[in-house]
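This is what each chain is made of:
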Amino acid sequence: MRDFSTDHRWLSINTATVRRQRGEPWPLPKILDACAARGIRAVAPWRDQVAAAGLGATAAQVKALGLELSGYCRGGMFTYTDDASRQSVRDDNRRALDEACTLNAPCLVLVVGGLPGALAGTPAHRDIALARSQVGEGIAWLLEEARTRRMPLAIEPLHPMYAADRACINTLAQALDLCDALDPAGSGSLGVAVDAYHVWWDPQLEAQIARAGARRLLAFHVCDWLVPTTDLLEDRGMMGDGVIDLPRLRGWVEAAGYAGCSEVEIFSRANWWQRDGGEVLDTCIERHRRSV
Ligand code: ZN
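This write-up is about the structure you can find in this document. (Residues numbered from 1 in each chain as written. Predicted model: local features only at pLDDT ≥ 70, side-chain atom pairs only at ≥ 80, totals over all residues. Heavy atoms only, no water.)

Concerning the overall build of the protein
Turning to step 1, where the next piece is worked out: A count of helical and extended segments in the protein gives 10 helices and nine strands.
Turning to step 2, where the next piece is worked out: For 292 residues, the compact-globule formula gives about 19 Å, and the C-alpha radius of gyration of the protein, at 18 Å, lands near that figure.
Turning to step 3, where the next piece is worked out: Counting only C-alpha atoms and orienting by the principal axes, one finds that the protein spans roughly 50 × 40 × 40 Å.
Turning to step 4, where the next piece is worked out: Burial statistics for the protein: of 292 residues in total, 55% are counted as buried.
Turning to step 5, where the next piece is worked out: Within the protein, residue pairs in contact and separated by at least 24 positions form 80% of the contacts whose partners lie at least 6 positions apart. (Helix = DSSP H or I, 4+ residues; strand = E, 2+ residues; numbered from the N terminus. Rg over C-alpha atoms; globule rule 2.2 N^0.38 Å. Buried < 20%, exposed > 50% of the residue type's maximum accessible area, 1.4 Å probe, protein only. Contact = heavy atoms within 4.5 Å.)

Encoded structure:
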């Protein structure tokens, strides 16, 4: 297992971690500058942040600063209710792929969607099996588009508390079953993003990480599970502040052949988003050395 205790070469910052600092929301160009100034070499930006900063300008800044991406957030949300919504989902995912290519991302991360309409508060139906079949169909379609662009797709299973509104793929086994069905050869074009926050509780986790292997392990996201957790979405903890045994988990992904970044992804409305962004980044570096 790689020694992270003395350097942060393999630290990546998911830019949502410092997107909403109180009093002074940090735009993406400022986040990129602040990361580079600290010797942070990798980032994972979100599409809305890139859109606000401009795609071309972001690509140029990333290059000028010598940064690389650990992933691009995000595509997916594949479920639909009619032909028009299916088409708009496809158009949007095609754009996400093109953006990922422009930014030279190693993969497009997919949050696959739950019951259509649920995220906006009005689920169109209760048929999660239908939602899952639409997800399979959507990824199968996107995979063809992704292959022509040589942009790998990383399915991110989300904790089951998000099954209704964000992602009806909730375990690594489920995600890998889909990978095996759609890409049986393990071509490298389809894999998974393992986010500790979403999968740490899974009794099959170690075995499924081993099953994934290096060709399917495209991203590794870290933060911590706080006890108590007070918000389903925006109360993620800093590494070391919660109950996830992150070094053990990283040991599993590295034993399976993963040699990429540990990407810090913290949504924290009441704590980390209330602090100065520089303090948050410094803390990420320190905890990455000590608690990942
Ligand atoms: Zn994640």
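Past the structure itself, the notes keep going.
Points about the packing of aromatic side chains
Turning to step 1, where the next piece is worked out: Per the stated rule, a full pass over the model turns up five aromatic pairs.
Turning to step 2, where the next piece is worked out: The interplanar angle of 70° and the centroid separation of 6.3 Å between the aromatic rings of Phe220 and Tyr258 together place this pair among those described as edge-to-face. In this pair, Phe220 sits in strand S8 (residues 217–222) while Tyr258 sits in the loop between helix H9 (246–255) and strand S9 (262–264), placing the two residues 38 residues apart along the sequence. Residue Phe220 shares its accessibility class with Tyr258, and that shared class is buried.
Turning to step 3, where the next piece is worked out: Grouping aromatic residues by their ring pairs yields a cluster made of Trp46, Phe267 and Trp273.
Turning to step 4, where the next piece is worked out: We note Arg250 situated over the ring of Phe4; from NZ or CZ to the ring centre the distance is 3.6 Å. (Phe/Tyr/Trp six-rings, centres within 6.5 Å; stacked < 30°, edge-to-face > 60°. Lys NZ or Arg CZ within 6 Å of the ring centre and 35° of its normal.)

Regarding helix H1 (residues 28–37)
Turning to step 1, where the next piece is worked out: Of all the positions in H1, only Leu28, Ile31, Leu32, Ala34 and Cys35 are classed as buried. Along the axis of H1, the buried residues cluster in a sector spanning 165°; they form a single face.
Turning to step 2, where the next piece is worked out: Buried positions along H1 lie against strand S1 (11–14), strand S2 (42–44), helix H2 (47–53), helix H3 (55–64) and helix H10 (277–291).
Turning to step 3, where the next piece is worked out: Looking one or two residues beyond H1, the residue adopting positive phi is Gly39, at roughly 75°. (Arc of directions from axis to C-beta.)

Digging into the coordination of the zinc ion
Turning to step 1, where the next piece is worked out: Protein coordination at the zinc ion: the donors are Glu156 (OE), Asp195 (OD), His221 (ND1) and Glu265 (OE), at 2.1 to 2.2 Å from the metal.
Turning to step 2, where the next piece is worked out: On the primary sequence, the residues serving as donors to the zinc ion are separated as E-x38-D-x25-H-x43-E. One end of the pair, Asp195, is in strand S7 (residues 190–195); the other, Glu265, is in the loop between S9 and H10, with 70 residues separating them in the sequence.
Turning to step 3, where the next piece is worked out: What makes Glu265 buried here is its relative accessible area of 4%. (Donors = N, O, S within 2.8 Å, 3.2 Å for Na, K, Ca; no water.)

Details of a nonpolar patch on the surface
Turning to step 1, where the next piece is worked out: Nonpolar side chains collect at one region of the surface, where Trp200, Trp201, Val227 and Val243 lie side by side and expose about 360 Å² of accessible area between them.
Turning to step 2, where the next piece is worked out: Residue placement: Val243 occurs in the loop between S8 and H9. (Patch = residues over 30% accessible without salt bridge, like charges linked within 9 Å, V, L, I, M, F, W, Y side chains within 5 Å. Areas by Shrake-Rupley, 256 points an atom, 1.4 Å probe, with all protein chains shown as cover. Salt bridge = Lys/Arg side-chain N within 4 Å of Asp/Glu carboxyl O.)

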